[in-house]
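Here are the chains, one letter per residue:
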Amino acid sequence: MKVLTALTAGLLTALTVQDASAAPAETPQQGAEEVRLAPAAKNVRLRTTLPGTERAISIAFAQYGRQDVAFVSSESGLQTFDVTDVDHPKLLDHLTKQEMALPGDDPTQRFWENEDINVDPKRKLAFLAREVNSFGRTLPGDRPTGNYIVSAVNPADLKILAFHRQNTGHTSTCINDCQYLWTAGRDRSTENTGRIYVTDIRDPRNPKELPVSVDVRGAGKITHDVQVDAMGIAWVAGDDGTRGYWTDGWHRDPLTGKFRKATAADPVPYAGGNVPQIDMPTRFTHNSFRPVGRTLFDGPRPTRENPAGSLLLHTEEAFGSSTCKDQGRFVISSLKGTENGEGWGSTPKEMKTVGVWSPDDKEGTLPGDVTCSAHYFDVQNRVVAYSWYEQGTRFIDVSNPAKPIQIGYWRPDAATSWAPYWHKGNVFVADIVRGVEIVSLTKGAYDAQESGTNVQLVTGGPVKVKVGPGDKKRLPLVPHPDYGYACPMIASRGGSCDPSSCC
């Protein structure tokens, strides 16, 4: 692995966050008793784990001939694994945070956050978004944000090609065959409005930010993540709902009534809008998925009422309830009636809610001091694999979008499920405490799906267990000092977040 000398002080010029310095978690004494959340699992089996992936945040995959490679982004940098034999994964390379450190960084501190890693499957490039609280940066000093562009032509020899600095760095998404990046997050410019930054990466060694903004939202609002559907429509989630854009081809612009060419820098609005506040109280959507085209079979069954391509599945990330009773839920919305620009403007139109699901009121869901919010999800064969932080990874059948049902769950000891990914029939779970676990649904899950049986968690609640030095320790999430729960952090001591207690 080699870091280009292009990562120089000339790249640095503004911005940052109070970081929580890494403080090692207290190691439990062997044989000591500790109150833990009771682990629970149903219709799911563990296949294996990816070693050394503690503090995993996001995962992507790429194919190299017959070699199947997983990219794991975490607080320690970027790792690649050969998962061709999924039961016997092999570490290929680790681009460490020390190699990613910019001038002025403390390389002993964590890299954060790259919450939704993207990989260009053709050019074999990985994109890592850098947040303000990386590497121990503190106010009033400089706190750079932006994107690392990493060559993975040889997945066993990762190389940083460039670091592109810009005024946000939470998530980055490939647009138009990975010729452009759309970067979302809190806009840290003086305008402080929600927006998408557009970067030309046709020459990955020399990325160029374009002098445009996409999906501009109101002052103090943020864009959070972008997902591109099978028709090429880019869906931007954030404050005030989710909106989709054509980024290529000729289309009618519903805001002007004229046909024009869509580009990554000048997209054409398609559809989308807000969610009724009774279903999504915070009006903050975290990420989304529209089943259409080759992914249509993954989503709900089309009907006359909800025809193909008319549904949008999306997440509210919010932490107002330990059981997600009042907020932090999974919502399925209808896009019908939003195709003429109704979702744009200062008061976006509300989409019709078709279905809502949360762990609330499900038998065995743990109340009390538990972090619960819908986070990232992935969909395959009408089954949504869904992360709910300390409430674990849930498997939800959405065949009937009005009545989603749970067909399996995976909540091992000390779990904090961040993001699950379907891959070749298995699910790779990025757990920020336990690391990456590879699980499979058992026959019972598919039987429950076929019969429409809603599987419930059955557990006795918190229990006393004996723990040893090698056991995982529960580390609850706490609000970030600048972003609050829009960017939760892992607490290590005392359940609070300050420079001496967060990792």
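Reading the values: rules and limits
The numbering scheme is per chain: residues are counted from 1 as the chain's sequence reads. Only residues with pLDDT of at least 70 are given local features in this predicted model, and only at 80 or more are side-chain atom pairs given and counted; all residues enter the totals for whole chains, interfaces and linings. Where side-chain values are given, they derive from all heavy atoms of the structure, hydrogens and water being excluded. Pairs of strands are assigned from DSSP output, requiring at least two bridges between the strands. Helix and strand assignments come from DSSP, with helices taken as H or I runs of at least 4 residues and strands as E runs of at least 2, each series counted from the N terminus. Only protein chains enter the accessibility calculation, which uses a 1.4 Å probe. A residue is then buried if its area is under 20% of the maximum for its type, exposed if over 50%, and partly exposed in between. Residues adjacent in sequence count toward polar contacts only when both atoms are side-chain atoms; beyond that, a polar contact is any pair of N or O atoms within 3.5 Å, and within protein one must be able to donate a hydrogen and the other to accept it. Per residue, pLDDT captures the predictor's confidence, and it can take any value from 0 to 100. Whether two residues are in contact is decided by their heavy atoms: any pair within 4.5 Å suffices. Only buried residues count toward a nonpolar core. Its members are Ala, Val, Leu, Ile, Met, Phe, Trp, Tyr and Cys residues joined through side-chain atoms within 4.5 Å.

> Can you tell me about the pairing of strand β27 (residues 377-380), naming the residues and giving the values?
Regular strands show a simple pattern: their side chains alternate between the two faces of the sheet. In this structure, β27 lies alongside strand β28 (residues 383-387), joined through four bridges in antiparallel fashion. From the neighbouring strand, D378 faces β28, where its bridge partner is A385.

> Pulling in residues and values, what's your account of the environment of N43?
Its location among the elements puts N43 in the loop between β3 (40-42) and β4 (44-50). Classification of N43 by relative accessible area gives buried; the value is 15%. Remark: the alpha-carbon pair of N43 and S440, spanning 397 residues in sequence, is separated by 8.6 Å. Within the local environment of N43, its side chain forms a polar contact with the backbone oxygen of I407, the two atoms lying 2.9 Å apart. Only 3.4 Å separates the side chain of N43 from the backbone oxygen of G444, close enough to count as a polar contact.

> Give a description of the confidence of the model for the chain that names residues and reports values.
Averaged over all residues, the pLDDT of the chain equals 88, while 85% of them reach at least 70. In the predicted structure, residues 493-503 sits below a pLDDT of 50 and forms 39 contacts with residues beyond four places in sequence or in another chain.

> Report on the nonpolar core, specifying residues and quantitative values.
Counting 22 residues, the largest nonpolar core has F71, L78, M100, L128, Y148 and V150 as the members making the most contacts within it. Elements with a minimum of two residues in this core: β5 (56-64), β6 (67-74), β10 (125-130), β11 (146-151) and β12 (159-165). The biggest single contributor to this core is β5, with three residues. Once residues lying within four places of it in the same chain are set aside, the contact partners of V150 are L78, L95, K124, L125, A126, L128, L158, K159, I160 and L161. V44, F395, I405 and V429 belong to the second-largest nonpolar core, a separate cluster that totals 18 residues.

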